[in-house]
Amino acid sequence: MKRIDLSRDTLTLGSFGGKVFVLSGVLGLAGLGVSFGLKSIAGNDAFMKSWLFAFLAVLAICLGALFFTILQHLVKAGWSVAVRRLSEGIAANLVWIWVLFIPIFVLMVSGNGGHLFPWAAPEAAHDHLLHEKSSYLNITFWWIRAVVFFAVWALLSRFYFGLSRRQDASGDYKATNTMQWFAPLAMILYALTQTFASYDWIMSLEPKWFSTMFGVYYFAVSVTGFFSAILLLIFFLQKSGRLQEAITREHYHDLGKLLFGFGVVFWAYIGYSQYMLIWYANIPIETSWFFPRQIGPWYWVSLILIFGHFVLPFLLLVSRWPKRFKGSIAIIAGWMIIIFCVDVYWLVIPVVPESALAGAETYDQLVEAVTPASLGWQLNAVDFLLPASMLSLLLSGTMFNLRRCSLVPTSDPRLEESLSFENF
Amino acid sequence: MSQSSSREKIWGYAAEFTTPAAITQAAKKVAAAGYRWWDCHTPFPVHGLDIAMGVKPTILPIIVFFGGLTGTLVAIFLQVFTNSLEVNLWAIVPVIGYQFEVSGKPLISGPAFVPVMFELTVLLSALTTVGSMFLLNGLPCLYHPVLKSTKLARITDDRFYIVIEARDPKFTDEATRSFLDSLGPESIEPLEP
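About the thresholds
- Residues numbered from 1 in each chain as written.
- Chains lettered and ligands numbered in written order.
- Predicted model: local features only at pLDDT ≥ 70, side-chain atom pairs only at ≥ 80, totals over all residues.
- Heavy atoms only, no water.
- Helix = DSSP H or I, 4+ residues; strand = E, 2+ residues; numbered from the N terminus.
- Rg over C-alpha atoms; globule rule 2.2 N^0.38 Å.
- Buried < 20%, exposed > 50% of the residue type's maximum accessible area, 1.4 Å probe, protein only.
- Contact = heavy atoms within 4.5 Å.
- Areas by Shrake-Rupley, 256 points an atom, 1.4 Å probe, with all protein chains shown as cover.
- Lys, Arg positive; Asp, Glu negative; His and termini not counted.
- Charge placed at Lys NZ, Arg CZ, Asp CG, Glu CD.
- Expected span 1.5 Å × (residues − 1).
- Buried area = accessible area lost by both parts, 1.4 Å probe.
- Salt bridge = Lys/Arg side-chain N within 4 Å of Asp/Glu carboxyl O.
- Polar contact = N/O pair within 3.5 Å; in protein donor to acceptor, adjacent residues only side chain to side chain.
- Nonpolar A, V, L, I, M, F, W, Y, C, P; charged D, E, K, R; others polar.
- Disulfide = S-S within 2.5 Å.

(A) How the structure looks around the overall build of chain B. Along the backbone of chain B there are six helices and six strands. A compact globule built from 193 residues should have a C-alpha radius of gyration of about 16 Å, whereas chain B, at 27 Å, is more than 25% larger. For chain B, the residues scored as buried account for 34% of the 193 residues in total. Long-range contacts, defined here as pairs at least 24 residues apart, represent 75% of the contacts in chain B between residues at least 6 apart. Accessible surface computed for chain B: about 11900 Å², of which carbon and sulfur atoms make up 65%. Computing the positive centroid from 14 side-chain charges and the negative centroid from 17, chain B places the two 6 Å apart.

Now the structure itself:
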């Protein structure tokens, strides 16, 4: 068993963290400002949809981090202690992430929510199906739920980050017991809030459609984003000369395995299972969600997802060695975070307006009726600028969270195990 | 030693160690001395022992990959073949598939085939893994000289053994024995075939 000496290692961000915090923060805010300036290019409704897409992408990464943190305590994992602080640091952004939700909140409460969520439009009251669903899908209950979600996430991430940091100073192993004791409860709370948040903010974009697997799909999306993000974060922190001893090839290997397992295989499994049931039954109300995603330009986006999110990463990650070399796993993680954004985009944006389908009776006629022009959608600068700025803010927030604490939980009773652990 | 009369029949030498650290150190020296037919026997997996012994990574994953790929291709072939409209094998054997129409789907429809592709991939991967593992490890092995010695029964409890086999090209009775002695074992045990 090899012993690792952390005394020579740089375990704090120091002034580097401050620089990245300011730089990415300024860039992020400037990006958001420019996006608002470009609002007219996209149009009001499209802008709000892009905003929702970018918000859900950064939220997914934070939720993935929260899941990972809770999971490590739930199963009393030893290997992950050296990387757990970084995951806690990303999850701690859930404390302020609601700020990015304000524009959507304002839109809904001001009564213009119908531009984003069809069920919030005044006309929805005349639609029988939406009227039947209104006991759940109404604005008051919607914002109460949103507040509950953000409160639960802030509380959980704060609890785990705070207690873990206090343990650094006190060295008290009982803190680990407390975190483990709350882990099952935290995991249940996480699962419920994450599932219903995805129902509320993504699935209800098409309120007549439903899929009980949708929450799991958004979970698969969020862990993909998180494992890619933490691999990149570790890679760049090591590039800056930090954590040289603490985080080894073995940790890259295990995070790579999880990216492969959750982000590639599990994602494909869930996405396909959801698709196949709907495809086989072929009931109009269920297929309505996949219809916009398999016609026109979206057909190609769906294909890009299958190959770019499953086939290619599967072949790249299935062997042992690409996960064990920092350079190769960082490149794969970089690709995965891009395709992860495409995936969230694909979840949020596609819609076929009723007007585009007027007069079409058979499926072939429907397909012909749909052109990029009739979809009323086109890719614009805001679609790139918004997620980039919000990811930049996420980096800034993470640097802020980790500004004063050690980058590894120095007093965790399992730290030794994590440092010396090896994959067979 | 009383074994001098049976020296012709010796199968190998076993050197006994009491700690994982000791056997790891000794294994490095055996590997450096250039022995090839030798092995370590321990009651539990010892971290770093593979590296100390200089064991090459197994080729099992590559075999399994192609096993799995075979499963995928067999699944595609089976389903397309049995559902096909008409295939003329070498233009002389006409084969007509069952052509069951299920819920209005095309006869050759990708999404319906995926579960079978998945299952056969997993099945053939698993069978290839177990089968190749048996072949690569030389299993089933109904008799092994290491298991004959009653003293070496402690392999399963609290002792660590390095065994050098007589068939190693570098093996000579005296030299190997004194080499093992130089590693500082608790004891050295000659093994009968």
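(B) Representation of helix 1 (residues 14-37) of chain A in the model. Residue and element names in this part refer to chain A. For helix 1, spanning 24 residues, the distance from its first C-alpha to its last is 35 Å, which sits close to the expected 34 Å at 1.5 Å a residue. Among the residues of helix 1, Gly17, Val20, Ser24, Gly25, Gly28, Gly31, Leu32 and Ser35 are the ones counted as buried. Next to the buried residues of helix 1 lie helix 2 (39-42), helix 3 (44-74) and helix 18 (381-401).

(C) Local environment of helix 4 (residues 110-137) of chain B. With 28 residues, helix 4 of chain B should cover 40 Å at 1.5 Å per step; its first-to-last C-alpha distance of 39 Å lies within 8% of that length. For helix 4 of chain B, the full list of buried residues reads Pro111(B), Ala112(B), Phe113(B), Leu120(B), Ser125(B), Thr128(B) and Ser132(B). Buried-residue contacts for helix 4 of chain B involve helix 10 (249-281) of chain A together with helix 3 (60-83) of chain B. Remark: Gly138(B) follows helix 4 of chain B within two positions and exhibits a positive phi of approximately 70°.

(D) Inspection of the interface of chain B and chain A at higher detail. In this complex, chain B contributes 14 residues to the contact, which on the side of chain A involves nine residues. Roughly 1100 Å² is buried in total at the junction of chain B and chain A, and carbon and sulfur atoms are behind 73% of that figure. In this assembly, chain B and chain A are joined by zero salt bridges. At the surface where chain B touches chain A, the tally comes to three residue pairs in polar contact (both at pLDDT 80 or more). Considering only residue class, the side of chain B that touches chain A consists of nine nonpolar, four polar and one charged.

(E) Structural view of unusual backbone geometry. The amide bond that connects Leu139(B) to the next residue, Pro140(B), takes the cis arrangement and shows omega of -5°. Unusually for a residue other than glycine, Lys76(A) sits at a positive phi of about 50°. Summarising the element assignment, Lys76(A) is placed in the loop between helix 3 and helix 4 (81-91).

(F) Spotlight on the state of the cysteines. Tallying each qualifying case throughout the model produces zero disulfides over all chains. Among the cysteines around Cys405(A), which has no disulfide bond, Cys62(A) carries the closest sulfur, lying 16 Å off.

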